[in-house]
Amino acid sequence: MSVWTLTYDGYDAEAQGLREALCTLGNGVLGTRGAVPEARADDVHYPGTYRAGVFNRLTDRIDDVAITNESMVNLPNWLVLLFRVDDGPWFAPDAADLAGYRTELDMRRGILTRHVSLVVDGDRRLRVTQRRLVHLGDPRLAALESTFLAEGFSGTLTVRCGIDTAVRNRGVERYRDLSDEHLDVLSTEEVDERTTLVVARTNQSQLRLAEAQRLRVLDEEGEERSDTPRRWFEEDGLVGHELELPLGEDRPVTVEKVVAIVVGGDPAISEPAETAVRATVHADGFDGLLASHVAKWDQLWDRFELRFGENAAVQKVLNLHTFHALQTISHNTIDRDVGAPARGLHGEAYRGHIFWDEVFILPYLNLRMPVLTRSLLLYRHRRLGEARDRAARAGHAGATFPWQSGSDGREESQQLHLNPISGEWKPDNSRLQHHINLAVAYNVWQYVETTADREFLRYYGLELLVEVTRFFASLATYDRIDDRYHLRGVMGPDEFHDGYPDRDEPGLDDNAYTNLMVVWTIQRTFELLELLPDHVRHDVERELDLGRSELDHWEDLTRRMFVPFHGDGIISQFAGYEELEELDWEDYRQRYGDIQRLDRILHAEDDTPNRYKVAKQADTLMLFYLLTADELERMLQGLGYDWTPDRIPDTIEYYRARTSHGSTLSALAHSWLHARSDRRRSWALFEQALRSDIDDIQGGTTQEGIHLGAMTGTLDLVQRGYTGLAVEEDVLRFEPTLPEEVEELTFPLHYRGHQLRVQLDHDGLRVSAAPSDLPAVTIGFDDRREVLRSGETLTFAMDGVGGPTSS
């Protein structure tokens with residue numbers, strides 16, 4: 001088994017959507033689905049090309065309510081390449097007589113290759129090999145190379161190579177009753193006999209974009225042929241050049257297209273159309289682009305490598321997850337005003353929006369390429385003004401970020417949600433998931449703790465934490481009867497519950513995850529303020545208008561926040577949870593089989609999950625995912641609750657039995673939670689999380705876009721979960737819990753400027769530092785601490801510690 005190649009033998013129309021998503025190529029700015037070049041969007045194929053940060057709004061009326069949705073825009077399809085032999089039909093895999101068909105995704109080099117053997121008639125075969133890339137070095141460029149070889153005949157090959165301008169956003173079935181035309185085509189032009197130019201503009205956000213295509217024909221020696229007859233065509237939204245190519249038996253001919261996609265506002269451009277044309281003129285041929293593209297991938301893999309012992313099946317999926325994470329967020333993302341879209345640049349689910357999934361993504365990046373985390377956090381900071389306005393409009397202080405974020409930071413959550421089971425539109429209350437702010441705060445803390453980036457802390461991080469804290473302090477209400485603060489009208493990560501069965505207004509009271517993470521955020525804000533020198537802290541407090549009375553109020557919240565409990569010390573998901581009914585899980589499994597989306601099933605039965613003790617994914621249990629047992633104990637003891645970590649196993653089991661795992665994030669979180677207490681169950685859940693996308697275990701969702709949080713979360717589970725890796729008080733600490741199924745882990749880390757290499761097996765741990773002039777760092781292993789200097793290696797045995805050795 002090749003751990004670097006995802007291979008599909010044969011053509012399978014039913015699997016095309018999934019294959020298109022998993023074979024997407026991207027570079028952190030531009031993403032193109034793995035659709036076949038000859039197809040337009042239909043019930044089988046969905047070509048899609050997306051640019052990070054390119055959004056547009058459209059408005060519809062549903063039940064006389066104006067509904068506006070902002071979407072990541074499907075750009076003109078640059079892949080288009082049609083061909084036919086003599087006067088035969090245009091090739092279409094759904095109708096052709098195929099002697100062979102194979103698709104290969106080379107994850108190591110970022111190349112998608114398709115091999116086709118087409119039966120023309122009788123013994124005549126046309127072999128077609130197509131390679132494509134989305135360039136990792138120059139994020140504007142993409143290329144497609146098609147080589148044709150006639151076997152047993154000579155003839156004429158007609159090739160149409162162009163751009164499809166008649167594209168819409170129709171990649172998600174449940175959105176198809178809504179408006180989907182986001183682009184106005186401003187012009188199409190034959191710049192010269194090799195070059196096609198399309199200029200378009202988004203019809204609401206008014207973003208001007210250009211796609212230029214350079215076309216070359218190469219002979220069997222790789223030399224460009226200048227004598228190829230060609231004509232310009234414009235038909236049904238397709239524009240480009242049609243070529244007439246003589247096919248000699250066993251003499252290959254290659255058609256090469258190089259495309260540049262430029263959007264107004266891109267750095268270092270004058271005007272999109274001019275820049276796109278110049279980029280194609282100056283670009284190398286396919287082989288030259290391939291060489292520089294692969295060199296960039298080699299550099300990324302050097303930093304993001306993760307070796308998983310001898311388990312080839314798991315290694316392959318981890319490589320796939322790393323590959324797609326880096327295609328969504330790469331060095332090209334740095335300094336661009338973009339976030340981490342929950343479904344990557346791979347499809348249109350969630351409309352390309354940014355959610356709390358970052359809490360599963362950014363901690364992984366902190367120890368690989370922390371500058372990426374910084375850039376993604378700055379996306380949030382740039383939208384702090386909108387978050388402040390949003391809090392003010394709701395009558396609160398501080399800032400509250402939207403559950404779904406897109407171009408400018410306003411709330412992009414849909415007002416109505418279509419239940420695909422019942423076909424009904426229901427109110428969507430997910431905008432009450434204020435815990436998104438706590439994910440931002442957690443990521444700020446993790447980044448600063450890992451990197452010691454004091455500049456970021458001073459100018460960006462503290463402001464984010466202060467404004468989030470202000471919002472929750474304003475949202476909290478004090479009850480004199482129980483002498484506690486309460487947070488009312490919220491939703492937790494569970495998402496199944498958006499209210500109480502006996503209340504008309506949406507929202508829950510005292511979601512435990514939210515309440516406790518608010519206390520945690522306040523405590524971390526105080527800690528970060530203490531990190532600043534006195535004169536800097538004075539400046540910050542003056543700039544943010546932080547006074548003693550406000551700080552005292554925050555301190556009071558950390559002592560009097562209400563936390564609901566029920567049973568024998570079980571932290572309740574929210575106030576009143578213990579009064580809900582138990583669900584007959586076995587009955588629903590027998591009747592429906594797959595009950596992951598139990599909420600849709602219940603609504604279709606004219607019922608509601610608000611009546612039951614059910615959960616879509618980890619909610620209360622997210623506390624154990626993000627925080628250590630000691631942290632949680634200190635918080636609860638400080639709040640006056642007699643809670644100890646020995647309640648954790650029972651709490652995990654209680655909610656495990658009531659969770660449907662309707663999110664790809666759920667198995668991931670539960671696997672992490674069981675890593676120390678039940679390793680067999682943890683491993684089974686880890687394998688389930690690995691299968692989320694490659695096997696599309698949710699039954700059709702992956703074709704709408706990969707699940708970036710789940711993919712990156714599995715990498716982080718290996719990197720931090722199995723190694724017990726954390727940064728605490730300037731110590732890089734390891735407390736391994738390596739599963740029996742894993743013989744060895746090996747991976748690089750980037751910590752405080754050092755390039756480290758970690759090797760962990762069941763006998764011990766080795767951490768090596770590359771030579772440098774950086775100051776030493778402290779490594780912890782269980783309760784031991786050792787200083788690691790550049791050029792040295794520390795070896796820790798499971799029952800002792802070896803001294804440093806020279807690397």
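Note: the structure precedes this text.
Residues numbered from 1 in each chain as written. Predicted model: local features only at pLDDT ≥ 70, side-chain atom pairs only at ≥ 80, totals over all residues. Heavy atoms only, no water.

S.K.: How do you make sense of a negative patch on the surface when you look at a structure like this?
M.R.: On the surface, a cluster of negative charge is made up of Asp 42, Asp 43, Asp 94 and Glu 173. Along the polypeptide, Glu 173 turns up in the loop between β12 (155–164) and β13 (183–192). (Patch = residues over 30% accessible without salt bridge, like charges linked within 9 Å, V, L, I, M, F, W, Y side chains within 5 Å. Areas by Shrake-Rupley, 256 points an atom, 1.4 Å probe, with all protein chains shown as cover. Salt bridge = Lys/Arg side-chain N within 4 Å of Asp/Glu carboxyl O. Lys, Arg positive; Asp, Glu negative; His and termini not counted. Charge placed at Lys NZ, Arg CZ, Asp CG, Glu CD. Helix = DSSP H or I, 4+ residues; strand = E, 2+ residues; numbered from the N terminus.)

S.K.: Can you help me understand the packing of helix α5 (residues 358–366) against helix α20 (residues 708–721) in this one?
M.R.: When two helices pack together, their arrangement is given by the angle between the helix axes and the distance between those axes. Two elements in contact, α5 and α20, have axes whose closest approach is 8 Å; the angle formed by their N-to-C orientations is 45 degrees. One finds that α5 runs oblique with respect to α20. Considering only the axes of α5 and α20, their crossing is left-handed. Contacts between α5 and α20 involve Phe 360, Ile 361, Pro 363 and Tyr 364 from the first element and Leu 708, Gly 709, Thr 712, Gly 713, Leu 715, Asp 716, Gln 719 and Arg 720 from the second. Considering only residue class, the contact of α5 with α20 consists of six nonpolar, four polar and two charged. (Axes fitted to C-alpha atoms, helices over the stretch in contact; angles between N-to-C directions. Parallel < 35°, antiparallel > 145°, perpendicular 65-115°, else oblique. Left-handed = near helix turned anticlockwise from the far one by under 90°. Contact = heavy atoms within 4.5 Å. Nonpolar A, V, L, I, M, F, W, Y, C, P; charged D, E, K, R; others polar.)

S.K.: It is not clear to me how the environment of Arg 127 should be interpreted in this structure. Could you clarify?
M.R.: Relative to the helices and strands, Arg 127 resides in strand β10 (residues 124–134). Residue classification places Arg 127 among the partly exposed residues on the basis of a relative accessible area of 40%. C-alpha separation for the pair Arg 127 and Ala 99, spaced 28 residues apart in sequence, amounts to 9.5 Å. Not counting residues within four places of it along the chain, the set of residues in contact with Arg 127 comprises Val 116, Ser 117, Thr 147, Phe 148, Leu 149 and Glu 151. At 2.6 Å, the side chain of Arg 127 forms a polar contact with the side chain of Glu 151. (Buried < 20%, exposed > 50% of the residue type's maximum accessible area, 1.4 Å probe, protein only. Polar contact = N/O pair within 3.5 Å; in protein donor to acceptor, adjacent residues only side chain to side chain.)

S.K.: Quick question: what am I supposed to make of empty space enclosed by the protein here?
M.R.: In this approach, a probe sized like a water molecule rolls over the atoms, and the result shows the empty space that is left. Here the structure, examined in full by the defined rule, presents six cavities of 30 Å³ or more. Roughly 170 Å³ of volume is contained in the largest cavity. Lining of the largest cavity is provided by 17 residues; of these, Gly 34, Val 36, Tyr 101, Thr 103 and Arg 114 occupy positions nearest its centre. Counting only elements with at least two residues in the lining of the largest cavity, the list comes to α1 (16–22), β8 (98–106), β9 (111–121) and β10. Across the lining of the largest cavity, the residue classes break down as eight nonpolar, five polar and four charged. Size it by volume and the second largest cavity reaches roughly 90 Å³. In this structure, the second largest cavity is lined by Ser 71, Asn 169, Arg 170, Gly 171, Val 172, Tyr 175, Leu 178, Ser 179, Asp 180, His 182, Glu 348 and Arg 351. Along the lines of polarity and charge, the residues of the lining of the second largest cavity split into three nonpolar, five polar and four charged. (1 Å grid on protein atoms, 1.4 Å probe; cavity = no way out; pocket = protein on both sides within 12 Å on 5 of 7 lines; lining within 4 Å. Points joined across faces, edges and corners; volume = space filled by probe spheres on them.)

S.K.: What is the right way to look at helix α19 (residues 679–694) in this model?
M.R.: Residues that lie three or four places apart on an α-helix share one face, since the helix turns once every 3.6 residues. With 16 residues, α19 extends 23 Å from end C-alpha to end C-alpha; this agrees with the ideal 22 Å at 1.5 Å per step. By the burial criterion, the buried members of α19 are Ser 682, Trp 683, Leu 685, Phe 686, Ala 689, Leu 690, Ser 692 and Asp 693. Projected down its long axis, α19 shows its buried positions confined to an angular sector of 165 degrees, all on one face. Residues of α19 that are buried in the fold lie against α1, α4 (312–328), α18 (664–673) and α20. Phi turns positive one or two residues past the end of α19, at Asp 696, with a value near 50 degrees. (Expected span 1.5 Å × (residues − 1). Arc of directions from axis to C-beta.)

S.K.: What am I meant to see in the packing of aromatic side chains here?
M.R.: Two aromatic rings are characterised by how far apart their centres lie and by the angle between their planes. With the rule as written, the count across this model stands at 32 aromatic pairs. Ring geometry for Phe 686 versus Tyr 722: centroids 5.6 Å apart, planes at 70 degrees, classification edge-to-face. Separated by 36 residues along the polypeptide, Phe 686 in helix α19 and Tyr 722 in the loop between α20 and β25 (726–728) bring together distant segments of the chain. Overall, Phe 686 belongs to the buried group, its relative accessible area being 0%. Taken together, the aromatic side chains of Tyr 350, Phe 355, Trp 356, Phe 360, Trp 403, Tyr 625 and Trp 672 make up a single cluster linked through ring pairs. It is Arg 458 that lies over the ring of Tyr 459; its NZ or CZ is 4.6 Å from the centre. (Phe/Tyr/Trp six-rings, centres within 6.5 Å; stacked < 30°, edge-to-face > 60°. Lys NZ or Arg CZ within 6 Å of the ring centre and 35° of its normal.)

S.K.: What is the right way to look at the packing of helix α10 (residues 512–531) against helix α12 (residues 548–560) in this model?
M.R.: Following both chains from N to C, one finds α10 and α12 inclined at 135 degrees, their axes separated by 9 Å at the closest point. Relative to α12, the element α10 lies oblique. Relative to α12, α10 is oriented so that their crossing is left-handed. Along its contact with α10, which presents Val 519, Ile 522, Gln 523, Thr 525, Phe 526 and Leu 529, the element α12 presents Leu 551, Trp 554, Glu 555, Leu 557 and Thr 558. Considered class by class, the residues forming the contact of α10 with α12 number seven nonpolar, three polar and one charged.

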